[in-house]
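Chain residues, written in single-letter form:
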Amino acid sequence: MKYTELNDFPADFLWGASTSAYQVEGGWDADGKGKSVIDTRDHFPEGTTDYTVASDHYHHMESDVELFAQLGLKAYRFSIAWTRIQPDGTGEVNRAGVDFYHRLIDALNSRGIEPIVTMYHFDLPAALDEEGGWGNRATADAFVEYARILFREYGSKVKYWLTINEQNMMILHGEAVGNTGKSGATGKKGLYQQNHHMFLAQARAMTLCHEMLPEAKIGPAPNIVAIYAASSAPEDAIAADDWDAVRNLLYLDLAVRGTYHPLAWGYLVERNLQPEIADGDMEILAAGKPDFIAMNYYATQTVGASSGDASDLAARKGDQQIVRGEIGLYKAVKNPNLQTNAFGWEIDPVGCRTTLRRIWDRYRLPLIITENGIGAFEEPGEDGLIHDDYRIDYYRRHIEQLQLAITDGVDVMGYSPWSAIDLISTHSGAAKRYGFIHVNRTDSDLRDLKRTPKDSFGWYRKVIDSNGADLS
Ligand code: BG6
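Parameters at a glance
- Residues numbered from 1 in each chain as written.
- Predicted model: local features only at pLDDT ≥ 70, side-chain atom pairs only at ≥ 80, totals over all residues.
- Heavy atoms only, no water.
- Helix = DSSP H or I, 4+ residues; strand = E, 2+ residues; numbered from the N terminus.
- Buried < 20%, exposed > 50% of the residue type's maximum accessible area, 1.4 Å probe, protein only.
- Contact = heavy atoms within 4.5 Å.
- Areas by Shrake-Rupley, 256 points an atom, 1.4 Å probe, with all protein chains shown as cover.
- Lys, Arg positive; Asp, Glu negative; His and termini not counted.
- Charge placed at Lys NZ, Arg CZ, Asp CG, Glu CD.
- Phe/Tyr/Trp six-rings, centres within 6.5 Å; stacked < 30°, edge-to-face > 60°.
- Lys NZ or Arg CZ within 6 Å of the ring centre and 35° of its normal.
- Pairing = 2+ DSSP bridges.
- Axes fitted to C-alpha atoms, helices over the stretch in contact; angles between N-to-C directions.
- Expected span 1.5 Å × (residues − 1).
- Near = heavy atom within 4 Å.
- Polar contact = N/O pair within 3.5 Å; in protein donor to acceptor, adjacent residues only side chain to side chain.
- Nonpolar A, V, L, I, M, F, W, Y, C, P; charged D, E, K, R; others polar.

Trainee: Looking at this model, I keep getting lost on the overall build of the protein chain. Mind explaining?
Mentor: Along the protein chain, the regular secondary structure elements total 14 helices and 15 strands. For the protein chain, the spread of C-alpha atoms along the three principal axes comes to 55 × 55 × 45 Å. Classification of the 472 residues of the protein chain by burial places 61% in the buried group. Of the contacts formed within the protein chain by residues at least 6 apart in sequence, a portion of 76% connects residues at least 24 apart. Of the roughly 17300 Å² of accessible surface on the protein chain, a fraction of 50% belongs to carbon and sulfur atoms. Side-chain charges of the protein chain comprise 46 positive and 67 negative groups, with the mean position of each set lying 2 Å from the other.

Trainee: I'm lost on the packing of aromatic side chains in this one. Help?
Mentor: Aromatic ring pairs are described here by two measures, namely the spacing of the ring centres and the angle between the planes. All chains considered together, the criterion is met by 31 aromatic pairs. Relative to phenylalanine 100, the ring of tyrosine 58 lies with its centre 4.4 Å away and its plane at 40°, an arrangement referred to as tilted. Of this pair, tyrosine 58 sits in helix H2 (residues 57-71) while phenylalanine 100 sits in helix H4 (residues 95-110); the two residues are 42 residues apart in sequence, bridging distant segments of the chain. Here tryptophan 82 and tyrosine 146 contribute two aromatic rings whose centre-to-centre distance is 4.7 Å and whose plane-to-plane angle is 10°, an arrangement assigned as stacked. In this pair, tryptophan 82 is assigned in helix H3 (residues 82-85) and tyrosine 146 in helix H6 (residues 138-154), connecting sequence segments 64 residues apart. Clustering of aromatic rings is evident, with ring pairs tying together Phe9, Phe13, Trp15, Tyr394, Tyr395, Tyr415, Phe436 and Tyr460. Residue placement shows arginine 84 over the ring face of phenylalanine 100; its charged tip is 5.8 Å from the ring centre.

Trainee: For this particular structure, what's the right way to read the sheet that holds strand E2 (residues 75-79)?
Mentor: Sheets are built from strands paired through backbone hydrogen bonds, the pairs being either parallel or antiparallel. Across the sheet, which stays open at both edges, the eight strands sit in the order E5-E4-E3-E2-E1-E13-E12-E7 with parallel pairing between neighbours. The sheet is open, and its two borders are formed by strand E5 (217-221) and strand E7 (293-296), each paired with just one other strand. On average, each strand axis in the sheet is tilted by 30° relative to the strand beside it, whichever way the strands run.

Trainee: I'm lost on the sheet that holds strand E9 (residues 331-332) in this one. Help?
Mentor: In spatial order, the strands read E6-E8-E9; together these three strands make up an open sheet with mixed pairing. Both outer strands of the open sheet, strand E6 (227-229) and E9, are each paired with one neighbouring strand and no more. Of the strand pairs in this sheet, strand E8 (residues 301-304) and E9 are connected by two bridges, and their pairing is antiparallel. Considered in E9, the bridge of glycine 304 is made with lysine 331.

Trainee: Whenever I open this one, H2 confuses me. Can you help?
Mentor: Note on helix geometry: an α-helix contains 3.6 residues per turn, so any two residues three or four positions apart are oriented the same way. In this model, H2 (15 residues) spans only 17 Å end to end at C-alpha, well below the 21 Å of a helix rising 1.5 Å per residue. When H2 is considered as a whole, its buried residues turn out to be His57, Tyr58, Met61, Asp64, Val65, Leu67, Phe68 and Leu71. At the exit of H2 stands glycine 72, carrying a positive phi of roughly 90°.

Trainee: What should I look at first to understand the site of the ligand in this one?
Mentor: Looking at the ligand, there are 16 residues lining it, with Gln23, Glu166, Thr426, Lys432 and Tyr434 nearest. The side chain of glutamine 23 places a nitrogen or oxygen atom 2.7 Å from an oxygen atom of the ligand. Within the side chain of lysine 432, an N or O atom sits 2.6 Å from an oxygen atom of the ligand. Protein burial of the ligand: of its 380 Å² of free accessible surface, 100% is covered by the chains. Residues belonging to the shell around the ligand are distributed by class as follows: five nonpolar, eight polar and three charged.

Everything listed here is a matter of geometry and, on its own, says nothing about what the molecule does.
Okay, structure coming up:
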């Protein structure tokens, strides 16, 4: 629908920016931190860095937060490294690690920046991984113990909590996000058992949060994108629904309704991938209720009917945004209406509105975009600056669609793009940059790690100052 007048962004709209611990912090073994599966990972794409130093935010935290304040952020979404809090993922608490996040949260709060805390972003403690990781039900118990520590320590200072970042991508593209680790069986059946245990952990953490912190709000943070049918052929519509169920709704239905989406369950049974569900599990899942849905949105996906043979599979590697197809389920189709970024990811601002509308329609819970952004190769020009007009254009077009979604009646409570500052990509190293702030390092050379605001920094500051009214 086209409108003659658009609704304003709500006065308390959370204009944010996001990072995750292992991608930004560095200090991988500092002050008693234990190893996570990211630290024990031994496969890195050729030429890309590991995460030992990253953007060294661990040692630049105060000045980074000062820059976030200059950016005008109303919110900052970051993740806590479980292994700083509990080096072995269970048992002993590492006071120095706990204190680091106290200092970070205090620094944010003192500048009026709302902390939005992701409890777990791909970096499972290696010690738990060695015990079978998410394949082992005990990891769900460990997560709840860890959640209790976080709520006890930070509950009086943090209102917004995100449970697990992109659980769906850990299951569907564990390889791409570097996360299959040594954790249990990595065959598909094993992955769906891990998935089930993560849902239990999430539901129990949500219930615990409501018990311990009645004022706090908690929600899941999957990667959600609208799925388009490649054509008006009815069979393409079926394929789009099927892939939507397996990629998106499986994760949202369990988080919100505590039930397995019927199409997704049918898919699991048909392929003999269904997890073992113990007595009482469905009650635990039903009891965990989110207050909002956080979602990472990058671009829609387009699919057609499966041919039932290898021709369903595109000749490319899949990742969070690039679909490959799955024999008997759907065929990946390139959307001829969309352009791609330098890494082959499609760009679809209108799809952001569509995604928000669909999720609001189905769940009627407040929504927040906790990731959205454009990865690019960037080197400072002769003036030493990054002129990222393509990023400004990308954000402008997405924010326009957010406002349209709000005018459509969707309850959007915030927008927290990826990323606040340059960090290490999940599988493309330091060369794929997302930040409003440039960090002077490359994959092979740590240089001086100096921070320099990019052009998008001043632009986003203006957007925030005007509460989304000035996108020029
Ligand atoms: C999301 C993750 O999948 O996408 C982030 O939550 C990640 O951790 C982001 O960095 C962008 O992906 P990539 O692969 O370009 O770093």
